[in-house]
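# Tertiary structure, described
The lines below spell out each chain.
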Number of protein chains: 2
Amino acid sequence: MVENNELRKVGLKVTLPRVKILQMLDTTDQRHMSAEDVYKALMEAGEDVGLATVYRVLTQFESAGLVTRHNFDGGHAVFELSDGEHHDHMVCVETGEVIEFMDHEIEKRQREIVAEHGYELVDHNLVLYVRKKA
Amino acid sequence: MVENNELRKVGLKVTLPRVKILQMLDTTDQRHMSAEDVYKALMEAGEDVGLATVYRVLTQFESAGLVTRHNFDGGHAVFELSDGEHHDHMVCVETGEVIEFMDHEIEKRQREIVAEHGYELVDHNLVLYVRKKA
DNA sequence: ATGAATGCAAAAACTTTGCATGACG
DNA sequence: CGTCATGCAAAGTTTTTGCATTCAT
């Protein structure tokens, strides 16, 4: 089971809830799930995991670098399995669809701008809100 | 009183809470205030405005384009008086300091990327998390 | 066995809403 | 005056926490 190794690798004890949540994130067709989404999906799959545990585990996964948390507009956070490759997001304001993208020019400009101000880039967050062209 | 005209211009009735909140945002030295920040600042200034009203008014101001709401990381929204000029933010992860910037190259690239995917840009959100260079 | 993880329920943090009262035009 | 805005308190959301129990090693 690949999931077990993933967990051991980051120093988390291999427990049923953690494995199930990791599998859920790995096999879902949604790229981004909220804690509630994960919880409901697990319930529907007949897995009995508490919502509090889902929150706790997702937060641990984030600290461990296994998932990325996004605060898109609208109250709740969503999580995405990190694939090591950095990317940014485009969110359609009409359909809610999420498209991932990566642009070297923007990435480079960001580092330049930060350096011009005497800082170094630790992380960044770019979300483009878009609409299908009429 | 400049504030009164601002309010009339966007079709909002000129009421004491609205004027006070607008003045608060205009005169504060913090660049970004949460609803709670505004509320507390008003209380300290001896102005008696309800927290619910602060939330309602800030939301109206946002709809009217008077302020911009940001969902930086960490639960609560912050508001900033809009100066018409668009800009993005750099947040120092150590001091919490917020620096505003604007880069034409990034802005342009964003529009290009979105267009390449068959969309048009409605809005965007870019935050660079930075640290003072060692 | 022993310390960590879980589940539940309670609480915390943030924001919205219902309704009676009061203020703006 | 009629209507819209306000204040309060209550309810909604999302997320966190305390604590007894269960599980992993």
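Residues numbered from 1 in each chain as written. Chains lettered and ligands numbered in written order. Predicted model: local features only at pLDDT ≥ 70, side-chain atom pairs only at ≥ 80, totals over all residues. Heavy atoms only, no water.

### Some thoughts on the protein's contact with DNA strand D
Taken together, 20 residues sit near DNA strand D, with A:Y55, A:A77, B:T15, B:T53 and B:R56 positioned nearest. Here the atoms of DNA strand D within 4 Å of the protein split so that 72% fall in sugar or phosphate, with bases taking the remainder. The separation between a phosphate oxygen of DNA strand D and a polar side-chain atom of B:T15 is 2.8 Å. For DNA strand D, a phosphate oxygen lies 3.1 Å from a polar atom in the backbone of B:G50. Those elements giving two or more residues to the surface near DNA strand D turn out to be α4 (51-64) of chain A together with α2 (16-27) and α4 (51-64) of chain B. In terms of residue class, the surface near DNA strand D is built from 9 nonpolar, 5 polar and 6 charged. (Near = heavy atom within 4 Å. Polar contact = N/O pair within 3.5 Å; in protein donor to acceptor, adjacent residues only side chain to side chain. Helix = DSSP H or I, 4+ residues; strand = E, 2+ residues; numbered from the N terminus. Nonpolar A, V, L, I, M, F, W, Y, C, P; charged D, E, K, R; others polar.)

### Things to note about the interface of chain A and chain B
Interface size is commonly expressed as the accessible area that is lost once the parts come together. The partner chain B presents 35 residues to the 34 residues of chain A that form the contact. When chain A packs against chain B, the two sides together hide about 3300 Å² of surface, and 61% of this comes from carbon and sulfur. If you sort the residues of chain A by the area they bury against chain B, A:Y119, A:E120 and A:Y129 come out on top, with a joint share of 19%. Put simply, chain A and chain B have 6 salt bridges between them. (Contact = heavy atoms within 4.5 Å. Buried area = accessible area lost by both parts, 1.4 Å probe. Salt bridge = Lys/Arg side-chain N within 4 Å of Asp/Glu carboxyl O.)

### Concerning the UniProt feature "binding site: Fe cation" (unreviewed entry) in chain A
Residues and elements named next belong to chain A. The UniProt feature table records "binding site: Fe cation" (unreviewed entry) at H86, D88, E107 and H124. These annotated residues cover 39 residues of sequence, and their C-alpha atoms all fall within 10.3 Å of one another, placing them together at a single site. Beyond its immediate chain neighbours, meaning those up to four positions away, H86 contacts M102, E107 and H124. Side-chain polar atoms of H86 contact the side chain of E107, separated by 3.1 Å. Residue placement: E107 occurs in helix α5 (residues 104-116). Apart from residues lying up to four places away in sequence, E107 is in contact with H86, D88, M102 and H124. (UniProt positions renumbered as here; feature names shortened; annotations may be inferred.)

### Comments concerning the pairing of strand β3 (residues 78-81) of chain A
All names here are of chain A. Note that strand β1 (residues 33-34) and β3 share 2 bridges and pair antiparallel. When the bridges of β3 are listed, S34 appears paired with V78. Looking at chain direction, strand β2 (residues 67-70) and β3 are connected through 4 bridges and run antiparallel. Paired with H70 across the strands is V78, a residue of β3. (Pairing = 2+ DSSP bridges.)

### Examining the sheet that holds strand β2 (residues 67-70) of chain B
Residues and elements named next belong to chain B. Pairing is antiparallel in the open sheet, where 3 strands are placed in the order β1-β3-β2. Lying at the two open borders of the sheet, with one neighbouring strand each, are β1 (33-34) and β2. Packing of α4 onto the sheet brings it into contact with β2 and β3 (78-81), and relative to β2 it is tilted by some 110 degrees. (Axes fitted to C-alpha atoms, helices over the stretch in contact; angles between N-to-C directions.)

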